[in-house]
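# Results of the structural survey
Take a look at the letters that make up each chain.
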Amino acid sequence: MADGPLIVQSDRTVLLEVAHPDAESARHELAMFAELERAPEHIHTYRITRLGLWNARAAGHRADDMLDILERWSRFPVPPSVSIDVRETVERYGRLVIERAIVRDGEVPALVLRSTDAAVLTEVSKNKRIAPLLIDHPSPDVFVIDAWARGHIKQELLKIGWPAEDLAGYTPGTPHEIDLAEDGWHLRPYQATAVEAFSEGGSGVVVLPCGAGKTLVGAAAMAATKTTTLILVTNTVSARQWRDELLARTSLTPEEIGEYSGQVKEVKPVTIATYQILTARRKGQYAHLALLDALDWGLIVYDEVHLLPAPVFKLTADLQARRRLGLTATLVREDGREGDVFSLIGPKRFDAPWKQIEAQGFISPAVCYEVRVDLPAGDRLEYAASADDERYRLAATAPAKIDVVRRLVERHPDERILVIGQYLDQIDELAEALNAPKITGATPVDERERLFGAFRNGEISLLVVSKVANFSVDLPEASVAIQVSGSFGSRQEEAQRLGRLLRPKQSAHTASFYTLIARDTVDQDFAQNRQRFLAEQGYAYTIIDAEQLAA
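Residues numbered from 1 in each chain as written. Predicted model: local features only at pLDDT ≥ 70, side-chain atom pairs only at ≥ 80, totals over all residues. Heavy atoms only, no water.

### Examining the overall build of the protein chain
Counting its regular elements, the protein chain contains 22 helices and 25 strands. Scaling as 2.2 N^0.38, a compact globule of 551 residues should have a C-alpha radius of gyration of about 24 Å, and the protein chain matches this with 25 Å. Across its three principal directions, the C-alpha atoms of the protein chain cover 85 × 65 × 50 Å. In the protein chain, buried positions account for 56% of the 551 residues. Sequence separation of 24 or more characterises 73% of the internal contacts of the protein chain that already satisfy a separation of 6 or more. Total accessible area on the protein chain stands at roughly 22,900 Å², and carbon and sulfur atoms take up 50% of it. With 63 positive and 79 negative side-chain charges, the protein chain shows a separation of 4 Å between the mean positions of the two kinds. (Helix = DSSP H or I, 4+ residues; strand = E, 2+ residues; numbered from the N terminus. Rg over C-alpha atoms; globule rule 2.2 N^0.38 Å. Buried < 20%, exposed > 50% of the residue type's maximum accessible area, 1.4 Å probe, protein only. Contact = heavy atoms within 4.5 Å. Areas by Shrake-Rupley, 256 points an atom, 1.4 Å probe, with all protein chains shown as cover. Lys, Arg positive; Asp, Glu negative; His and termini not counted. Charge placed at Lys NZ, Arg CZ, Asp CG, Glu CD.)

Next comes the structure, spelled out in C-alpha cells:
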C-alpha cells in the first residue's frame, strides 16, 4: 500500500495530511465528490456525502472513478463498507427517470416517471408527499406525473434518497440568433468544456472561480441555444456589467437587450432582471411574476446561483420545461439548500478547482493572511461582559482594527485596495479614517458605477465597501482586499471576497487577501468556518500578529 496523503475511514470521513508532497493533487481530485468539514493546520477532514456523489455522477464521473481516487491516494486500504456505500449511492442516481412518453395510443406525450426497478418505483409511489403528484399508472414500470409537478417531484425524490434523472426535454423557446463575436479572443478550453457539458445535460450548474469568466460561459451557452434568454442577477450593477459584456462579446445589439430592475422595466429577446425585483411583493403577491412568462424563454441563466433567494426556488419549480443554467464560484449555501439547487436548477455539470485555473494562468495567484488583533483591556472587558448575541459585533467592529487597516494600506502603496466591512457605522469610520470614498447599499446605482469606474481606471486606488461588492463586480486591477468584518461564519462570502482579487492583472501583482480577527473572541471562531471552502481549494492562511505590522 502506497504512503498516500489520505486516510479513508468507515464513517465516510477522509483525512488529508496537509504536509504530504501529494496533498494538493489528492485534494483537487477528492473535492470532486467530498466536502471539506474541518481545516486546522496539519490534518484536513473531508466528508463523502450523498449529494456530493450524485453531483459528481451527473457531471460524468462513475463510481469506479471515485473509488480509484480514494484507493490511489489512500495510505491504508479503503474500508469495504465505504466502497460498497459509494458504489450503491452513486448507482441510485438515474434508477428513476423523468421523461415524456405516449402512454396510450392517440394521446399526446405525457410527463412520466419510469424505472426498470419495480421495488423502487413502488416505494416512491407510496410516499405520502409523492403519491399526490402521480395521476395515472398505465404500466408496471411507469407512473404519469401531473403536468405542473416536474420540479416538485424532483425535490421530493431527492429528499427520500432517490434522485431522478430528468430527460423530459425542454421547450425550444422563441428562436433568436446569437453568436459569439470572437474578434481577437477565443473561449478558454475549460469554458468550452463547461458549455459542452451544459448543452449535453440541458440544465445544470457550472462552477468556476471568480474571475475565470463565468459570464462568457453564459454568453456561449446563449450562442449555443440561440433562443430568447432571461438572465437573473444579484443587483443592478451586475445587470449592467452583463449587458456590457454581451455587447462586447456577442452579436447582440443594444436594441436586443433589456434591463428589468427597480429603475427600468424592459422586456426584450435577452432580458436581464435582478433577483430583488423578481421577489418583490405587493399586497402579498409577487408583483413581477409575469416576467417569467413575458416571452417564451428558451433559456434562463441564474448568475451567482448560490445566492438564489428562497422564493425563487418556488418560482423555478414551475419553470422545469425551460433550459436552466446556474453559474457560481461555490455550491456552498449557508441555508443548507444545496439540494434544491440540484433538483430545480440542475446538477453540477462542470467544476474546475481554483488552483488548477491559477496554474494555467487564467486567474491571479493570491496569498491569504489572518491578522490577529489584540483588544485593549477596556474593550476586552466589555466583550467579556456582553450577551452572547452582542459579542460578534463587538469583536468584529473593534476600534483597534482601524489602525491595523492603516498599516496594511501603507504596505501596498502602488496597489488598488478594497477595504471590506459588514457594519455601516464601521464602514463610515473606516472611510473617514482612511480619507477614502465608500460604497454601501444606500449608494445610488449611478454613483456606485462612477466609483467602480474610477477605481478600475486608477483615478482612485482605495475604496471602502460593504457586502454590496461581494459579488458580480468586475474590478480586475484590485490586488489587495482587507476584510475587517463579515457575515459571521459565511464560507461563500469569504470565497466571493477573495474572488474580487483573482481577475488577471496588467500590473502582474500577486493578490493579497487580509482578514482581521479579534484574538480570543467569537470573531476568531467564525473565521475558522469562513476559511473552510478556500482551504478546500488549496488556499492556506498565514497567521500574522498585528504587532508585527508595526515593526
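### Some points on helix H2 (residues 50-58)
Those residues of H2 that sit buried are Gly52, Leu53, Trp54, Asn55, Ala56 and Ala58. Against the buried residues of H2 lie strand E4 (43-48), helix H3 (63-73), helix H4 (80-92), helix H6 (150-159), helix H12 (338-345) and strand E18 (348-351).

### Some points on the environment of Ile460
Its place among the elements puts Ile460 in the loop between helix H18 (445-456) and strand E22 (462-465). Put simply, Ile460 and Ile417 are 43 residues apart on the chain and 9.4 Å apart in space, counted from C-alpha to C-alpha. Dropping the residues within four chain positions of it, Ile460 is found in contact with Arg416, Pro437, Leu451, Ala454 and Phe455.

### Quick notes on the sheet that holds strand E2 (residues 13-17)
Spatial strand order, E1-E2-E4-E3: four strands in an open sheet with antiparallel pairing. Looking at which strands have only one partner, the edges of the open sheet turn out to be strand E1 (6-8) and strand E3 (34-38). Here the strands of the sheet are splayed against their neighbours by 30 degrees on average, with no regard to which way each runs. Strands E1, E2, E3 and E4 of the sheet are contacted by helix H1 (residues 23-30), whose axis makes an angle of about 155 degrees with E2. (Pairing = 2+ DSSP bridges. Axes fitted to C-alpha atoms, helices over the stretch in contact; angles between N-to-C directions.)

### Notes on the packing of H6 against H12
It is the contact of H6 with H12, at a shortest axis distance of 9 Å, that shows an interaxial angle of 140 degrees. As summarised for this structure, H6 and H12 are arranged oblique, according to the angle between their axes. Here the hand of the crossing between H6 and H12 comes out right-handed. Touching Gly151, Lys154, Gln155 and Leu158 of H6 are Gly339, Asp340, Phe342, Ser343 and Leu344, all from H12. (Parallel < 35°, antiparallel > 145°, perpendicular 65-115°, else oblique. Left-handed = near helix turned anticlockwise from the far one by under 90°.)

### Side note on the packing of aromatic side chains
Per the counting criterion, the structure on display carries four aromatic pairs. Between Tyr392 and Phe526, the aromatic rings sit 5.2 Å apart at their centres with planes inclined by 85 degrees, giving edge-to-face as the arrangement. Remark: Phe526 occurs in helix H20 (residues 522-530) and Tyr392 occurs in helix H15 (residues 388-396); sequence separation between them is 134 residues. A cation over an aromatic ring shows up here: Lys265 above the ring of Tyr260, its NZ or CZ 6.0 Å from the ring centre. A cation sits over an aromatic face here: Arg391 above Tyr383, 5.4 Å from the ring centre. (Phe/Tyr/Trp six-rings, centres within 6.5 Å; stacked < 30°, edge-to-face > 60°. Lys NZ or Arg CZ within 6 Å of the ring centre and 35° of its normal.)

### Focus: the state of the cysteines
A covalent bond bridging the sulfur atoms of two cysteines is what the word disulfide describes. Tallied over the full model, the rule gives zero disulfides. The cysteine Cys210 is free of any disulfide, with Cys368 supplying the nearest cysteine sulfur at 12 Å. Of the residues examined, Cys210 reaches a relative accessible area of 2% and is grouped as buried. (Disulfide = S-S within 2.5 Å.)

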